[in-house]
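A look at the structure
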Amino acid sequence: MKRTLSILLVLSMVFSVFVAAGCAADKNASADKTEIVLQIGSPVMTVNGAEQKIDEEGTVPVIVNERTLVPIRAIIEAMGGTVGWDGEKREVSLDYNGDNIRLVIDSTTAYFNGKASELDTAPAIINERTMLPIRFIAESFGFDVAWDGDTQKITITKTAEAAAATPEAATAEPAATEEPAADTAEAASSKTLVVYFSCTNNTKKLAEKVAAAAEGDLVQLVPAQEYTAEDIDYNSDCRANREQNDATARPEIKNVIENFSDYDTVMICHPIWWGTIPRIIYTFMDSYDLSDKDVYMFCTSGSSGISQAMSDVKKYAPEAKVIDGMRGTGSTTEGQLKDWLKGNGYGK
Ligand SMILES: Cc1cc2nc3c(=O)[nH]c(=O)nc-3n(C[C@H](O)[C@H](O)[C@H](O)COP(=O)(O)O)c2cc1C
């Protein structure tokens, strides 16, 4: 009972802060970029470079089952969202930019806009603070999350362009713009290649739409040894898991991409395997020179975002200009992809 009362007290404080949080939210929303940096064990976070305490009690982010749990109040506030609490159901409700996440304490089932997905780590109450899995929350709300194991830092970012590229914004009528003649000429002569790797066709379908939206050439990365259903049964000791666990694994690609050097822009479409790119994408990066190419990345996944995949490609191909990445789903449309590309500096 005492514990329940403490939780309610904490959450009522959370509420009052959120009511007053409009100013902070507006301020962050108007910035070009929102960047929140947290560190495991540190009670201080930075929001767009400015240090602030996570809360008055000195609560720190912790790792449980390899997932980072954080006291969510200050972070959602910095993102520009709101939080609600249903004490009877022990349910936290987070709202941001028209999207809603519901999480239940000690349950690994989370709901994004009513759709259930499974978490590795359940939200928990630790030292009377509600601690929530930050990656799931931030990525569901369209933020990128990067983890630096050396410094134990989590960086959560969203650019104004990325915010503008949410599906809600993408369906809005684009403003009429007049392209400068020089840009148009450059766009017409530049060539785009869309490559994809796909075992169960989710990424293939997305890649086809990406190629149509980008007016690019589409090429499949065909594994020399096809992946069977057994090979990708990730709940077992399957081939895909073994490859992901082996930093040196480079599954062979059967086909060769002709005239790769003719392309200025390369779009890499891939499924997320264990939070990042499958090893065959490393084979692709070993086989073709990405230096000076504009690189866009597109993924499909159960729920994970693309941020780790992007940072792994940036690390492996530092000469490439990795511009941005997007997680698509079965319902992503060619129009949304076109708007997203336009919002991310793609010239065609
Ligand atoms: C080995 C393996 C690992 C996976 N790891 C993740 C993961 O970490 N996060 C996630 O959201 N989905 C994960 N998935 C699900 C796939 O990303 C998802 O089903 C994807 O859409 C499959 O794309 P495809 O149909 O193009 O092969 C994994 C799938 C496999 C086979």
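It should be noted that the structure appears before, not after, this text.
Turning to the overall build of the chain, a few remarks are in order. Across its full length, the chain carries 12 helices and 19 strands. By the burial criterion, 36% of the 348 residues in the chain qualify as buried. Considering only contacts in the chain between residues 6 or more positions apart, those separated by 24 or more positions represent 64%.

Spatial ordering of the open sheet is given by 3-2-1-14-13, a layout of 5 strands whose pairing is antiparallel. Edge positions in the sheet fall to strand 3 (50–53) and strand 13 (144–148), since each has one partner strand and no second. Adjacent strand axes in the sheet meet at a mean angle of 20° when their direction is disregarded. In this sheet, strand 2 (residues 44–47) lies alongside strand 1 (residues 33–39) in antiparallel orientation, the contact comprising 2 bridges. By the bridge assignment for strand 2, V37 is matched with T46.

With a phi angle near 50°, N113 is a residue other than glycine that sits in the positive phi range. Within the secondary structure, N113 sits in the loop between strand 9 (109–112) and strand 10 (115–118). For N113, a count of 10 C-beta atoms within 10 Å translates into the label exposed. The phi dihedral of Q152 falls on the positive side, at around 60°, and the residue is not glycine. Checked against the element boundaries, Q152 lands in the loop between strand 13 and strand 14 (153–159). When the 15 C-beta atoms within 10 Å are taken as the criterion, Q152 is described as partly exposed.

Criteria and thresholds
- Residues numbered from 1 in each chain as written.
- Predicted model: local features only at pLDDT ≥ 70, side-chain atom pairs only at ≥ 80, totals over all residues.
- Helix = DSSP H or I, 4+ residues; strand = E, 2+ residues; numbered from the N terminus.
- Buried ≥ 20, exposed ≤ 12 C-beta atoms within 10 Å, placed from the backbone.
- Contact = placed C-beta atoms within 7 Å.
- Pairing = 2+ DSSP bridges.
- Axes fitted to C-alpha atoms, helices over the stretch in contact; angles between N-to-C directions.

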